[in-house]
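# A structural walkthrough
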Amino acid sequence: MSQSKEILFARTLEDVRLKAKEQGGCVGEEQVREAFAAQNLSEEQLQMVFDYLVKHKVGIGKPVDPDEYLTEREKSYLQDYLDDIAALPVYTQGETEALTLSAMAGEQEARQKLVQSCLRDVADIARLYAGQGVLLEDLIGEGNLALAAGVNMIGSLEKPCEVPGMLAKLMMDAMEDYIQENTASEKTDRKIADKVNLVADKARELAEELHRKVTPEELARESELSLKTILDACRMSGYKIEDIKIEN
């Protein structure tokens, strides 16, 4: 697949995910096929698209049950969280609008009540992002922080009907950012581990050949590894690569 085709594919895939969000978390099989029709994908490639969408909790034909992605520990945490906020008041539509107007005017008590009234929404949104390598409790924590910050920003809006959408968007953005940051951190950790393991393997091979520990300089001479790579790996491992001797 050429670079231009890869870009078109990625954009189409993102368009399908956005369409799914608009439709309650699902898309029809024919919608997917129509979206990719111009790209002449094989049935195998289309199946990979369907698998990708399901993995990212986009239902094909019907919404995915978000609780399927929760571990038993997360289900227990979610229930505890919901139990903790169960006693908070539930407002009617009229009460919520009046509360929102007061909060928009800067009344702190109204803002606090508005935050409390949205805590259930945080849990609902967090469930949609579960199963992506982060804990549900961390997603809820990020959502709660975004909610608290967002309520202090609603004074810039013109109408109370704009508030729920703004707060939901802030919570979703916070959770997505957290997932991306965690993914980037995992990739960095994996790269570090791979580098350390590579150097350790080469050091062990040379140490077995020489029947003793080796110095970084010796390993650099006898392998394709640079001295910098070896020293970096030693440092990142806390100088615990057992077959390398670091001379003071």
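Right above here is the structure, for reference.
Everything numeric here is computed off the predicted structure, so don't read it as measured data.

## Brief notes about the overall build of the protein
Scanning the protein from N- to C-terminus turns up 11 helices and 2 strands. For the protein, the succession of helices and strands along the chain, N to C, is α-β-α-α-β-α-α-α-α-α-α-α-α. The C-alpha atoms of the protein give 26 Å as radius of gyration, which overshoots the globular expectation for 248 residues (18 Å, by more than 25%). Oriented by its inertia axes, the alpha-carbon framework of the protein measures out at about 80 × 50 × 35 Å. For the protein, the proportion of its 248 residues judged to be buried stands at 31%. In the protein, the proportion of contacts linking residues at least 24 apart, taken out of those at least 6 apart, comes to 65%. Charged side chains of the protein number 30 positive and 48 negative; the gap between the two group centres comes to 4 Å.

## Some remarks on the side chain of Ser 223
Mapped onto the secondary structure, Ser 223 falls in the loop between helix 10 (216–222) and helix 11 (227–236). From its side chain, Ser 223 meets the backbone oxygen of Leu 219 in a polar contact 2.6 Å long. At 3.2 Å, the side chain of Ser 223 and the backbone nitrogen of Leu 225 are in polar contact.

## Points about the nonpolar core
Counting 33 residues, the largest nonpolar core has Leu 139, Leu 147, Ile 154 and Leu 167 as the members making the most contacts within it. Elements with a minimum of two residues in this core: helix 4 (72–85), helix 5 (93–104), helix 6 (108–117), helix 7 (119–128), helix 8 (136–151) and helix 9 (163–210). Sort the elements by how many residues they give to this core and helix 9 lands first, with 8 residues. Not counting the four nearest positions on each side in its chain, Leu 139 is found in contact with Ala 126, Tyr 129, Ala 130, Val 134, Met 175, Tyr 178 and Ile 179. Judged by nonpolar contacts, the second largest core, of 14 residues, contains Ala 203, Leu 206, Leu 219 and Ile 230.

## Some details on the packing of helix 7 against helix 8
Here helix 7 crosses helix 8 at 135°, and the two axes come no closer than 9 Å. In terms of axis orientation, helix 7 runs oblique to helix 8. Where helix 7 crosses over helix 8, the handedness of that crossing is right-handed. Contacts from Leu 119, Val 122, Ala 123, Ala 126 and Arg 127 of helix 7 reach helix 8 at Leu 136, Leu 139, Ile 140, Gly 143, Asn 144 and Leu 147. In the contact of helix 7 with helix 8, the residues fall into 8 nonpolar, 2 polar and 1 charged.

## So, the pattern of salt bridges
What the rule picks out here adds up to 12 salt bridges. The partner of Lys 113 in a salt bridge is Glu 109, and the shortest N-O contact between them spans 3.5 Å. Of the two residues, Lys 113 and Glu 109 both sit in helix 6, 4 residues apart, roughly one turn of that helix. When its relative accessible area of 54% is taken as the criterion, Glu 109 is described as exposed. Of the charged contacts, one joins Asp 232 and Arg 235 as a salt bridge, the two residues approaching to 3.5 Å between their closest N and O atoms. Placement of the pair is Asp 232 and Arg 235 together in helix 11, with a separation of 3 residues, close to one helical turn. Assessed through its relative accessible area of 48%, Arg 235 is described here as partly exposed.

Procedures and definitions
Residues numbered from 1 in each chain as written. Predicted model: local features only at pLDDT ≥ 70, side-chain atom pairs only at ≥ 80, totals over all residues. Heavy atoms only, no water. Helix = DSSP H or I, 4+ residues; strand = E, 2+ residues; numbered from the N terminus. Rg over C-alpha atoms; globule rule 2.2 N^0.38 Å. Buried < 20%, exposed > 50% of the residue type's maximum accessible area, 1.4 Å probe, protein only. Contact = heavy atoms within 4.5 Å. Lys, Arg positive; Asp, Glu negative; His and termini not counted. Charge placed at Lys NZ, Arg CZ, Asp CG, Glu CD. Polar contact = N/O pair within 3.5 Å; in protein donor to acceptor, adjacent residues only side chain to side chain. Core = buried A, V, L, I, M, F, W, Y, C linked by side-chain atoms within 4.5 Å. Axes fitted to C-alpha atoms, helices over the stretch in contact; angles between N-to-C directions. Parallel < 35°, antiparallel > 145°, perpendicular 65-115°, else oblique. Left-handed = near helix turned anticlockwise from the far one by under 90°. Nonpolar A, V, L, I, M, F, W, Y, C, P; charged D, E, K, R; others polar. Salt bridge = Lys/Arg side-chain N within 4 Å of Asp/Glu carboxyl O.

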